[in-house]
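Geometric and topological summary
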Amino acid sequence: MRTIGKIIGYILWIGAGILMFVFWLMAMSKWLGFLGTILAFILAPGLVIFPIVFWIVEGAFPAFYFIVWGIGIVGLIIAGVSSKDE
Amino acid sequence: MEETITPISPIKKDNFFIARIKKYQVITFTFGFLLLNQEIVFWANYLTGKDVFLGKPSLNILFAVIGIPLIYFLQWLIVVWVASKFTRERLKEKFLRHPIATIILFILFITDLPYRLAGYWGGNLASIFEVIVYYAFISFLWWLLVCWISEKIWKKQRFQWNWYKKIVDKTFIILPPLYKFVLGLIVALLLFLLLFLLITKVFHYTGSDIMKLFNY
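Residues numbered from 1 in each chain as written. Chains lettered and ligands numbered in written order. Predicted model: local features only at pLDDT ≥ 70, side-chain atom pairs only at ≥ 80, totals over all residues.

One finds Ile8(A), Leu12(A) and Val68(A) to be the most contacted residues of the largest nonpolar core, which totals 31 residues. Looking at this core, the elements with two or more residues in it are α1 (2–32) and α4 (63–84) of chain A together with α2 (25–48), α6 (125–153) and α7 (162–202) of chain B. It is α1(A) that contributes the most residues to this core, 12 residues altogether. Residues in contact with Ile8(A), not counting those within four places in the same chain, are Ile78(A), Gly184(B), Val187(B), Ala188(B) and Leu191(B). (Core = buried A, V, L, I, M, F, W, Y, C linked by C-beta atoms within 7 Å. Buried ≥ 20, exposed ≤ 12 C-beta atoms within 10 Å, placed from the backbone. Helix = DSSP H or I, 4+ residues; strand = E, 2+ residues; numbered from the N terminus. Contact = placed C-beta atoms within 7 Å.)

As C-alpha cells, this is what we get:
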C-alpha cells in the first residue's frame, strides 16, 4: 500500500515536472529559436521569474504552469506521507 | 531483590473486515479504486444523460448507491477468500507442479484477451485495467480447477523443465512490483486528470496561455 502511495506520488511529481519543462522548452524555443531550445536545457526557469517573463511577453498569465506545479506538490505530499509511515 | 511485574495487556484482535483489509492491502486498494472509477463513470453518464442502465431514475440511483458497492464488496470477499487459501510458496509449488496446464491456460488467456478488450479500446484506462484483472482472476480459477483435476488423475509430477522453473521464479519476483507500478500509474493518471479538471473549473481556466504558446 505504501509502495503504491509512493508510486502515485512520484509519478504525479515527475509527470508535473516533465509537463512544466515542456512548457518552459516550448516558450524558450518560440522566443529564441534553436538557441532557446539549447538554453532551456542549460538554464532553470526559476520559481517565479519565468512565469512573470511569460506573462509580460505573451500577455497571458501562465495558469497552466501553476496548475501543473500545484498537482506536482500534491504528488510530493502523497509520496511524503507514504514514506513517513515506514 | 525486587521483582517488577509488567502488566500484560490483552491482545487486541481486529474484526474480520479490518484484519483482511490490513492483510490484503493491495487487493483492497484495487477494489476501492475500481469501485470509485465505476461510480464516477456511472454518475458522469447518468448526469449527462448518455446512458441509463435501468428504466426509472430512482432505480438507477439505488443501483449506484447500493448495487455497485455491493457487487464490488462481494467480489472483494471472493478474491480475499481465494487469496487466503494460498501462500506465495504454495502457489509457486502449484505452478511448478503443473507446467502443461499453466502454459496452455496462459496461451488461452493471452490469445483471448484482445477479444475481451475489443469494446474498451479508446475508452477509460481504468476500465481496460479492470477487464484485464477480472479476466486474469477468472482464468486463475479455471487454472486451479484444471490443476485439481490433474492432481486427481496423475499422482506424480510428470514434467520438470529447468527453463520453466526459471520463468516461474522470475515471474514471482517481477509480477508483484509490476502490478503495483501499473496500478499506481493508472491511479496517478486519473488523479492528475481529476485534479486538473477540478482546478480548471474552480479558477475558470480557459487555456489562453497554451493557445498563445502554440499560436492558436
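What follows picks up the thread again.
Counting residues at the interface gives 22 residues for chain B and 21 residues for chain A. Of all elements in the fold, only α2, α7 and α8 (208–213) of chain B reach the threshold of two or more residues within the side of chain B that touches chain A. It is α7(B) that contributes the most residues to the side of chain B that touches chain A, 12 residues altogether. For the side of chain B that touches chain A, the per-class residue count stands at 16 nonpolar, 3 polar and 3 charged. (Nonpolar A, V, L, I, M, F, W, Y, C, P; charged D, E, K, R; others polar.)

This brings us to unusual backbone geometry. All names here are of chain B. Positioned with a positive phi, histidine 204 is a non-glycine residue whose angle comes to about 50°. The residue histidine 204 is located in the loop between α7 and α8 in this model. For histidine 204, a count of 7 C-beta atoms within 10 Å puts it in the exposed group.

Over its 41 residues, α7(B) extends 59 Å from the first C-alpha to the last, a length consistent with the 60 Å expected when each residue adds 1.5 Å. Bending of α7(B) peaks at approximately 30° at the position of Leu175(B), with proline Pro176(B) no more than four residues after it. Those residues of α7(B) that sit buried are Leu183(B), Gly184(B), Ile186(B), Val187(B), Ala188(B) and Phe192(B). Tucked into the core, α7(B) has its buried residues touching α1 and α4 of chain A together with α2 and α6 of chain B. His204(B) occupies a position one or two residues after α7(B) and carries a positive phi of about 50°. (Expected span 1.5 Å × (residues − 1). Bend = angle between axes of the 7 residues up to and from the residue.)

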